[in-house]
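Close look at the chain arrangement
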Amino acid sequence: MLILNAEKIIAIDQSTSGTKVLLVHKNGKILKTLSQEHRQIYPHSGWVEHDPNEIYENVKSLLKKIVAELENGKQELAGISITNQRETVVVWDKYTGEPLYNAIVWQCRRTASMCEQLKKKGFEGVIREKTGLTIDPYFSATKIKWILENETQGINEKMKEDRILIGTMDSWLMWKLTNGHIHATDYTNASRTLLFNINNLDWDSELLEIFGLDRNMLPNVRASDEFFGNISDIQELERLPLSGVIGDSQGALFGQKCFEKGEVKATFGTGTSLMMHAGEKKPENVSGLVNTIAWKLRGQSVCYGVEGIIHSTGDTLNWIRNNLQLFHNFSECDAILNEISDNEGVYLVPAFVGLGIPYWDPNARAAIFGVTRSTKKAHIIRAGLESIAYQVKSASKVIEDKSSVALSELKVDGGAIQNKFLMQFQADILNCKVVVPQIKELSAMGSFYLAGLAFGFWHSLDEIKSIHNNEQVYAPKMNIETRDTLYQKWEKYVKKVLTTAEV
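Counting restarts for each chain, with residues numbered from 1 along the sequence as it is written. Selection of residues for local features in this predicted model requires a pLDDT of at least 70, selection of side-chain atom pairs for listing and counting requires 80 or more, and totals for whole chains, interfaces and linings are taken over all residues. To obtain the side-chain values, all non-hydrogen atoms of the structure were used and water was disregarded.

1. Here we look at the overall build of the protein chain
- By the criteria applied, helices consist of DSSP H or I runs no shorter than four residues and strands consist of E runs no shorter than two, each listed in order from the N terminus. Tallying secondary structure elements over the protein chain gives 16 helices and 23 strands in all.
- We compute the radius of gyration from the C-alpha atoms alone; for a globule the expected value is 2.2 Å times N to the 0.38, where N is the number of residues. A globule of 503 residues ought to have a C-alpha radius of gyration of about 23 Å, and the protein chain, at 22 Å, matches this closely.
- Here's how the labels work: a residue is buried when its accessible area is under 20% of the maximum for its type, exposed when over 50%, partly exposed in between, all with a 1.4 Å probe on protein chains only. Counting all 503 residues of the protein chain, 62% fall into the buried class.
- By the convention used here, residues are in contact when the closest approach between their heavy atoms is within 4.5 Å. Residue pairs at least 24 apart in sequence account for 72% of intrachain contacts in the protein chain once pairs closer than 6 positions are excluded.
- Under the convention used here, a 1.4 Å probe and the Shrake-Rupley method define accessible areas, while residue burial counts only the protein chains that appear. Counting every atom, the protein chain has about 19,600 Å² of accessible surface; 45% of that belongs to carbon and sulfur.
- Averaging the positions of the 56 positive and the 61 negative side-chain charges in the protein chain gives two centres separated by 2 Å. Just so you know, the count uses Lys and Arg for positive and Asp and Glu for negative, and it drops His and the chain ends. Throughout, a charge is located at the NZ atom of Lys, the CZ atom of Arg, the CG atom of Asp or the CD atom of Glu.

2. A short note on the sheet that holds strand β18 (residues 303–310)
- Pairing between two strands is assigned when DSSP locates at least 2 bridges connecting them. Reading across from one edge, β17-β18-β16-β15-β21-β22-β23 is the order of the 7 strands in this open sheet, with mixed pairing throughout. The sheet terminates laterally at β17 (290–295) and β23 (471–474), the two strands that pair on one side only. Strand-to-strand, the axes of this sheet are offset by a mean angle of 30°, without reference to chain direction.
- Only the contacting stretch of a helix is used when fitting its axis, a line to C-alpha atoms as for every element, and angles between N-to-C directions run 0 to 180 degrees. Against the sheet, helix α9 (residues 248–255) touches β15 (264–268), β16 (272–279), β17, β18 and β21 (409–414), its axis set at about 55° to β17.

3. Some thoughts on the side chain of Q85
- Relative to the helices and strands, Q85 is located in the loop between β5 (77–84) and β6 (89–93).
- Those residues within four positions of Q85 in sequence are excluded, and the remaining contacts are Q14, S15, T16, H50, I55, V105, W106, M169 and D248.

4. Brief notes about the side chain of K60
- In this fold, K60 is placed in helix α1 (residues 52–68).
- Of the residues examined, K60 reaches a relative accessible area of 15% and is grouped as buried.
- For K60, the residues in contact, after removing those within four places along its chain, are D233 and I234.

5. As for the sheet that holds strand β3 (residues 30–37)
- In spatial order, the strands read β3-β2-β1-β5-β14-β13; together these 6 strands make up an open sheet with mixed pairing. The open sheet has two edge strands with one neighbour each: β3 and β13 (229–230).
- As judged from the 7 bridges shared by strand β2 (residues 18–25) and β3, these two strands associate in the antiparallel manner. Opposite G18, over in β3, you have E37 as the bridge partner.
- Those strands touched by α9 are β5 and β14 (241–247), and its axis lies near 100° from that of β14.
- On top of the sheet, helix α14 (residues 442–455) reaches β1 (8–14), β2, β3, β5 and β14; it is set at about 140° to β5, its chief contact.

6. Things to note about the environment of Y474
- By secondary structure assignment, the location of Y474 is in strand β23.
- Residue Y474 is classed as buried on the basis of its relative accessible area, which comes to 8%.
- In contact with Y474, not counting residues within four places along its chain, are K420, M423, Q424, A427, C432, K433, V434 and V436.
- A polar side-chain atom of Y474 sits 3.4 Å from a polar atom in the side chain of Q472. Between N or O atoms, a polar contact is any pair within 3.5 Å; within protein, one atom must be a potential hydrogen donor and the other a potential acceptor, and residues adjacent in sequence are included only when both atoms are from side chains.

7. Regarding helix α3 (residues 124–131)
- Of all the positions in α3, only I127, R128, K130 and T131 are classed as buried.
- On its buried side, α3 packs onto β10 (196–197), α8 (205–211) and β17.
- Note on α3: the residue one or two positions beyond its end, G132, has a positive phi of about 80°.

8. What about the packing of aromatic side chains?
- Any two rings among Phe, Tyr and Trp, with Trp reduced to its six-membered ring, count as a pair given centres within 6.5 Å; such a pair is stacked if its planes are under 30 degrees apart, edge-to-face if over 60, and tilted if neither. Applying the stated rule across the entire model yields 24 aromatic pairs.
- Among the aromatic side chains, those forming a connected cluster through ring pairs are Y347, F369, Y390, F421, F425, Y487, W490 and Y493.
- By definition here, charges over rings are those cases where NZ of Lys or CZ of Arg is within 6 Å of the ring centre and within 35 degrees of the ring normal. Lying across the ring of W146, R110 places its NZ or CZ 4.6 Å from the centre.
- A cation over a ring is seen here: K393 above Y487, with NZ or CZ 5.9 Å from the ring centre.

9. Things to note about the pattern of salt bridges
- Salt bridge, as used here, is a side-chain nitrogen of Lys or Arg placed within 4 Å of a carboxyl oxygen of Asp or Glu. Under the defined criterion, the tally for this structure stands at 30 salt bridges.
- R86 is the salt-bridge partner of E307, the closest N and O atoms lying 2.7 Å from each other. Highlighted residues: E307 in strand β18 and R86 in the loop between β5 and β6, separated in sequence by 221 residues. Comparing E307 with R86 shows no difference in burial state: the two are buried.
- In this structure, a network of salt bridges that share partners links the residues R86, E87, R192, D248 and E307.

Here you go:
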């Protein structure tokens, strides 16, 4: 499928806060990056939405801009890849192409009571066994059910007329980019919906019945390195193929080249995903962790992953910056932190949308502890940064305990890896090496590598491994007494915000 003399791929990275497009050469070098933020819509407390049309128009605009800078236009491109925020879901009319409601974002907690009702009806066991996931507002199915039950204008008629389509952001973008010719997703995104059976690798009839959905609403599921379709909605990119489709966290696992069982990465985004490559056999269901599909390649067995999901990490820093206005840009943080030598007992538990691993408490609420008359903004900022490292520590403890694999190295990616204080503190709290790549856009690189497999840039994972990435390694420096004391205090304060009986 490789186009003659085409040695570049455009990787679309559609994330929670915005969209990036990256022009990447087959040697792994990022030649150009463009980005555009989109609105965060908060209709009520705990509700989070995006405008799907706004996101698609941003994608179109960015693609047009980046191809306009190519001397020979699309002739230099082998194709387009996509990585996306997972669980965020869109429901749309397949005849008009219009969403029936805004995209409901993975952070949104509006379906917490619905999840509790599903648990009371005894569905937790069957959903856990079939999907590897827990019943939580984080995942897609209850969001879909909410839209179909609450946006009543013409919904029943549209359902009867087989007009309703459902998909995560990758599906929405591909449907739009191909002018409605392709309704598809990959295994990683499908596995985050509560509707996909990760044992037999298909949409599950029993789960569809639980959530009141029809199979014909859902996208076709394909391997990440398959050919998905051709661009037809953008003249400048017309007929270019789409491949390399993968959810952002799994994309980062692939981008970090965690191709061996037991390798672990953390993606620092709006939230944080700590994921371990678990091999070709699905792990046993483990309380506090979720089982998921790491990826599937054409003609190969599926690879599984175990994941710890943290809801608020980068979003915590955004809250400190935007809501409290304690700093204006992230480059200021290191200078502000130099004003203090420690946290002086100040802790921030960022349960803005509940807590994920290992608590899974959607009703927990954020709090700041230990504030005194001498507390300064630097202490609040530091507490926010430290809270990220503590949450990763909590997630890693579960993975270590259940996998019997001691964490000796953590590969990291995402925007927060630029903060040197956080990376060193993370190494100290984990007591292991933290490996920071020179390239921070690892989700996009994962989709790029997968597309490269499809387009003939390389033919094996070993060839991808040979592409060198410069790295910086942070080694732990903190003594054990200080580390234990800091983390024990964190655990004490977390318990104060929990609403669930089980910790």
